[in-house]
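# Tertiary structure, described
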Amino acid sequence: MADSTKRCLQRIMRLIPSYMLRTTLEKWGRFTVEQQKSIDFTRSKWALTEVLLSICEENKFAMKHLTGLEMIYIMDNPNQGMWYVLQLLDPEDDAHSVELMQFKEQFKSHLKELVRHVSIKIKKHTDQAVWIRIAWGDAFSPPNHLKPTYVVHYLQTPSVFVTNLTSKQKPLLSQAMLLSTRHQAIKDANLSGRNLTAIRDLLMRKYQQVGYSNYNHHTKLCMPRLIKDC
């Protein structure tokens, strides 16, 4: 296993609380039943990390496998940092018809045209949210998987939720989002917070008040869970 992959796993292990590790690994589904049973989850985090490193080396896991594990945990536990909201503006005539496969293909294609070295993983959550993990590189450096950007977007809605995005990366992400969602402009929504679900629900109420009927209908279908605290 490459050193960068080992460091990524160590970072993931620091993120996941010990009491959630068993469930997260089960959702990941990359270990055999025997390997899963061999893990003593009562051991220290350091000892568990060594065990997981050994199993991942045995299975010859690469970075793409470990980033999947990280996404499972972050998608289930999104309140890991500060989230910011971007708002898509001026939809084109066919914006309402963009589907997941089309979005995935175009987003990856456009961003890879803008950034020479970039790693992109896209998953659809059970609540229909499209989650994007981006590890950024540049012309001289490979993607940095230790500082990924996360993006959450519900197709056919104007809001884009982002965390861990630098000012240098922002115009690149914005351009890829515009092209893949068929919009002509994007701006800061001047809304941020650590509780992603609370921010999302706040926007849902805002759009209800100003009459975004299409957005209302979509969010009522796709956002059933409400968070009471922000």
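Report on the accompanying structure. Since we're looking at a predicted model, the values are computed, not measured.

Basis of the calculations
Residues numbered from 1 in each chain as written. Predicted model: local features only at pLDDT ≥ 70, side-chain atom pairs only at ≥ 80, totals over all residues. Heavy atoms only, no water. Pairing = 2+ DSSP bridges. Helix = DSSP H or I, 4+ residues; strand = E, 2+ residues; numbered from the N terminus. Axes fitted to C-alpha atoms, helices over the stretch in contact; angles between N-to-C directions. Contact = heavy atoms within 4.5 Å. Parallel < 35°, antiparallel > 145°, perpendicular 65-115°, else oblique. Left-handed = near helix turned anticlockwise from the far one by under 90°. Nonpolar A, V, L, I, M, F, W, Y, C, P; charged D, E, K, R; others polar. Expected span 1.5 Å × (residues − 1). Buried < 20%, exposed > 50% of the residue type's maximum accessible area, 1.4 Å probe, protein only. Salt bridge = Lys/Arg side-chain N within 4 Å of Asp/Glu carboxyl O.

## Quick word on the sheet that holds strand S5 (residues 159–163)
Two strands in a sheet stick together by hydrogen bonds in their backbones, pointing the same way (parallel) or opposite ways (antiparallel). Read across the open sheet, the six strands follow the order S2-S3-S4-S5-S1-S6; overall the sheet is antiparallel. Lying at the two open borders of the sheet, with one neighbouring strand each, are strand S2 (118–124) and strand S6 (183–193). For this sheet, the mean angle separating the axes of adjacent strands, direction not counted, is 20 degrees. Bridging between strand S3 (residues 130–136) and strand S4 (residues 149–153) involves five bridges; their strand directions are antiparallel. Paired with Val130 across the strands is His153, a residue of S4. Most of the contacts of helix H7 (residues 170–181) go to S6, to which it runs at about 125 degrees, and overall it touches strand S1 (83–91), S3, S4, S5 and S6.

## Some thoughts on unusual backbone geometry
Positive phi, normally seen in glycine, also occurs at Lys60, with a value near 55 degrees. Within the fold, Lys60 resides in the loop between helix H4 (45–58) and helix H5 (63–76). Within the chain, Asn164 stands out as a residue other than glycine whose phi angle is a positive 60 degrees. Tracing the backbone through its elements, the reader meets Asn164 in the loop between S5 and H7.

## A look at the packing of helix H2 (residues 18–28) against H4
Direction vectors running N to C along H2 and H4 enclose 15 degrees, while the axes themselves pass 12 Å from each other. The angle between the axes of H2 and H4 places the two elements in the roughly parallel class. In this structure, the crossing between H2 and H4 has a hand that is right-handed. Mapping the contact onto sequence places Ser18, Leu21, Leu25 and Trp28 in H2 and Lys45, Leu48, Leu52 and Cys56 in H4. Its residues assigned to classes, the contact of H2 with H4 shows six nonpolar, one polar and one charged.

## Re H4
Here H4 is 14 residues long and its end C-alpha atoms lie 20 Å apart, about the 20 Å a rise of 1.5 Å per residue gives. All of the buried residues along H4 are Ala47, Leu48, Thr49, Leu52, Leu53, Ile55 and Cys56. Buried positions along H4 lie against helix H1 (3–15), H2, helix H3 (33–37) and H5. At the C-terminal side of H4, Lys60 shows a positive phi close to 55 degrees.

## Observations concerning the pattern of salt bridges
Once their charged atoms are close, side chains differing in charge can pair, the charge on each being opposite to the other. All told, the structure shown has nine salt bridges when counted by the stated rule. Glu57 is the salt-bridge partner of Lys6, the closest N and O atoms lying 3.4 Å from each other. You can see Lys6 sitting in helix H1 and its partner Glu57 sitting in helix H4, a full 51 residues away along the chain. Assessed through its relative accessible area of 36%, Glu57 is described here as partly exposed. For Glu70, the salt bridge goes to Arg133, with nearest N and O atoms at 2.7 Å. Residue Glu70 is found in helix H5, and its partner Arg133 is found in strand S3; the two are separated by 63 residues along the sequence. By the burial criterion, Glu70 is buried, and Arg133 matches it. Counted as one network, the salt bridges with shared partners bring together Arg11, Glu70 and Arg133.

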